[in-house]
Amino acid sequence: MKIAILPGDGIGPEVTREAVRVMESLGLPGLTLFEGDVGGIAYKRHGVPLPEETLQIALGSDAVLFGAVGDPECDGLERHLRPEQAILGLRKELDLFANLRPAKVFAGLEHLSPLQPDIAKTLDLLIVRELTGDVYFGDKGERVANDGSPEGWDMMSYSANEVSRIARVAFRAARAAGKGVTSVDKANVLETSQVWRDTVKEAAGPHPDIELEHMYVDNAAMQIISRPSQFGVILTGNLFGDILSDLASAAVGSIGLLPSASIGERKTDHGIFGLYEPIHGSAPDIAGQGKANPMATVLSVAMMLRHSFSREEEAARIEAAVAKALADGIRGGDLGGTHGCEEIGGAIIERL
Ligand code: NAD
Ligand code: IPM
Ligand code: MN
């Protein structure tokens, strides 16, 4: 089991350390970890956010565990040198086009959600976010506008092939979960979204038994909060998926609770190659203080064991241990508690 550990910046190293501790406590056979620099720390040490050596470590592993990147000191750098380019580069280079972001209120923990408990308890959805296209990866630049002022521009596009391959992932996930698909777009305004919607309709052809609905993104943001029970699988593009997943995390209770898996089509000896990371960022406001909640990263390890190593049993054990820790009142500051990062990691290991 070859795993690349890329802790990154800010709270990345803190939360990754706890997730690795949880993983090691399982006593898995043949676990071999390789560490690499990414993000601002890589820029400071190697002059680039994604060094070739780190990319090679990732390419040579069965799975990648990623912390977070982003450093306010680097926000003024030319875009290609900024820490965020490391995660964008890894997703693109490794062709990890499907980002799975489950959001679920743990049973009995409805009170952690800002939603009314009877609404919160119905929230159990999976965001299937396209990850290697959209306005994220189009041409971009700065030019002089007609009125003479500086103007920024970013090209948004989706090809039908990009849409149909992510739609297939969503329909497969919906079938496995026995749920419907809501495709989220902005087809009332954007041509990109019109191609998205037409292609999703076509991709639904082989799945007549799976309920498919189309929804505009502004309405979807509203509906996730007001009536989350209607959502099973949300299929959406890169930008909308980024925004809606932070929104869904707040409905669960904290961004410190949401894991993610980024996968493509490459198989390994044990399962499918993937990169696993919390959906949150480097949280510079609390970095280095031991305050971060590592649960999202720990839950990302569970997703890794499930998807990349076909170890459902251990994945479910980790998820149960996190739920038990929460039920026992173990809470980071993000959930109004006082437990520190290391303490939370230890509490999860005890419950394993
Ligand atoms: P953020 O997710 O880092 O933080 C948002 C808020 O949530 C902050 O108040 C933070 O303290 C809190 N928070 C986040 N994770 C937490 C955790 N595990 N425990 C407790 N509190 C937590 O988003 P931001 O502030 O917009 O971005 C900070 C930096 O991170 C930026 O440079 C951004 O580009 C980067 N970023 C990186 C990733 C990634 O690496 N995948 C994701 C999002 C943002
Ligand atoms: C995320 C992050 C990234 C994204 C940034 C850091 C590039 O916000 O993983 O959600 O927008 O995809
Ligand atoms: Mn994000």
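Located above this text is the structure these notes cover.
Residues numbered from 1 in each chain as written. Chains lettered and ligands numbered in written order. Predicted model: local features only at pLDDT ≥ 70, side-chain atom pairs only at ≥ 80, totals over all residues. Heavy atoms only, no water.

**A word on unusual backbone geometry**
Then, number 1: Phi at Ala 283 is positive, roughly 40 degrees, even though this residue is not glycine.
Then, number 2: As for its placement among the helices and strands, Ala 283 is situated in the loop between strand E12 (272-278) and helix H10 (295-309). (Helix = DSSP H or I, 4+ residues; strand = E, 2+ residues; numbered from the N terminus.)

**Some words on the site of ligand 1**
Then, number 1: Taken together, 21 residues surround ligand 1, and among them Val 69, Glu 84, Gly 281, Ala 283 and Asp 285 come closest.
Then, number 2: For ligand 1, an oxygen atom lies 2.9 Å from a polar atom in the backbone of Val 69.
Then, number 3: In the model, an oxygen atom of ligand 1 is placed 2.8 Å from a nitrogen or oxygen of the Asp 285 side chain.
Then, number 4: Coverage of ligand 1 by the protein chains reaches 69% of its 810 Å² of free accessible surface.
Then, number 5: When its residues are assigned to classes, the shell around ligand 1 shows ten nonpolar, six polar and five charged. (Near = heavy atom within 4 Å. Polar contact = N/O pair within 3.5 Å; in protein donor to acceptor, adjacent residues only side chain to side chain. Areas by Shrake-Rupley, 256 points an atom, 1.4 Å probe, with all protein chains shown as cover. Nonpolar A, V, L, I, M, F, W, Y, C, P; charged D, E, K, R; others polar.)

**Describing the site of ligand 2**
Then, number 1: Ligand 2 sits among Glu 84, Leu 88, Arg 91, Arg 101, Arg 129, Tyr 136, Asp 242 and Ile 279.
Then, number 2: Arg 91 has a polar side-chain atom sitting 2.7 Å from an oxygen atom of ligand 2.
Then, number 3: Take Arg 101: an N or O atom from its side chain is 3.0 Å from an oxygen atom of ligand 2.
Then, number 4: Contact with the protein chains hides 78% of the accessible area of ligand 2, taken as 320 Å² for the molecule alone.
Then, number 5: Ranked by residues supplied to the shell around ligand 2, first place goes to helix H4 (residues 84-93) with three residues.
Then, number 6: Here the shell around ligand 2 is composed, by residue class, of three nonpolar, no polar and five charged.

**Observations regarding the side chain of Thr 268**
Then, number 1: For Thr 268, the position within the fold is in the loop between strand E11 (259-267) and E12.
Then, number 2: Overall, Thr 268 belongs to the buried group, its relative accessible area being 17%.
Then, number 3: If we ignore the near neighbours within four places in the chain, the residues touching Thr 268 are Asp 62, Phe 273 and Ser 308. (Buried < 20%, exposed > 50% of the residue type's maximum accessible area, 1.4 Å probe, protein only. Contact = heavy atoms within 4.5 Å.)

**Regarding the packing of helix H1 (residues 12-24) against helix H12 (residues 341-351)**
Then, number 1: As a packed pair, H1 and H12 sit with axes 9 Å apart at the nearest point and diverge in direction by 15 degrees. Here H1 is positioned roughly parallel relative to H12, judged by the angle of their axes. Between H1 and H12 lies a crossing whose hand is right-handed. Contact with H1, carried on its side by Glu 14, Val 15, Glu 18, Arg 21 and Val 22, involves Cys 341, Glu 342, Gly 345, Gly 346, Ile 348 and Ile 349 of H12 and no other residues of that element.
Then, number 2: Grouping the constituent residues of the contact of H1 with H12 by class yields five nonpolar, two polar and four charged. (Axes fitted to C-alpha atoms, helices over the stretch in contact; angles between N-to-C directions. Parallel < 35°, antiparallel > 145°, perpendicular 65-115°, else oblique. Left-handed = near helix turned anticlockwise from the far one by under 90°.)

**Considerations on the packing of aromatic side chains**
Then, number 1: Within this structure, the stated rule accounts for one aromatic pair.
Then, number 2: A ring pair is formed by Tyr 158 and Trp 196, whose centres lie 5.1 Å apart and whose planes are at 55 degrees; its orientation type is tilted. With Tyr 158 in the loop between strand E7 (150-154) and helix H6 (160-177) and Trp 196 in helix H7 (residues 191-203), the pair connects residues that are 38 residues apart, well separated along the chain.
Then, number 3: For Trp 196, a relative accessible area of 2% puts it in the buried group.
Then, number 4: The lysine or arginine in question, Lys 92, covers the ring of Phe 137, its NZ or CZ lying 4.8 Å from the ring centre.
Then, number 5: Cation over ring: Arg 266 sits above Phe 273, and NZ or CZ is 4.2 Å from the ring centre. (Phe/Tyr/Trp six-rings, centres within 6.5 Å; stacked < 30°, edge-to-face > 60°. Lys NZ or Arg CZ within 6 Å of the ring centre and 35° of its normal.)

**Topic: H12**
Along an α-helix, residues three or four positions apart point the same way, because every turn accommodates 3.6 residues.
Then, number 1: Those residues of H12 that sit buried are Cys 341, Ile 344, Gly 345, Ala 347 and Ile 348. Along the axis of H12, the buried positions cluster into a sector of 160 degrees, meaning they face one direction only. Opposite the buried face of H12, by more than 90 degrees, sit the exposed residues Glu 342 and Glu 350.
Then, number 2: Contact partners of the buried residues in H12: H1, H10 and helix H11 (312-327). (Arc of directions from axis to C-beta.)

**Notes on the environment of Gly 141**
Then, number 1: Note that Gly 141 resides in strand E6 (residues 140-144).
Then, number 2: For Gly 141 and Ala 98, which are 43 residues apart along the polypeptide, the C-alpha to C-alpha distance reads 27 Å.
Then, number 3: Once you skip the residues sitting within four places of it in the chain, Gly 141 turns out to touch Glu 151, Gly 152 and Trp 153.

**Comments concerning the sheet that holds strand E5 (residues 124-130)**
Then, number 1: Sheet architecture is open: ten strands sit in the order E2-E1-E3-E12-E11-E4-E5-E10-E8-E9, paired in mixed fashion. Every interior strand has two partners, whereas the edge strands, strand E2 (32-35) and strand E9 (212-216), have only one. Direction aside, the axes of adjacent strands within the sheet are offset by 25 degrees on average.
Then, number 2: Bridge count for E5 against strand E10 (residues 233-236) is four bridges, and the pairing is parallel. Bridge pairing links Leu 126 to Val 233 in E10. (Pairing = 2+ DSSP bridges.)

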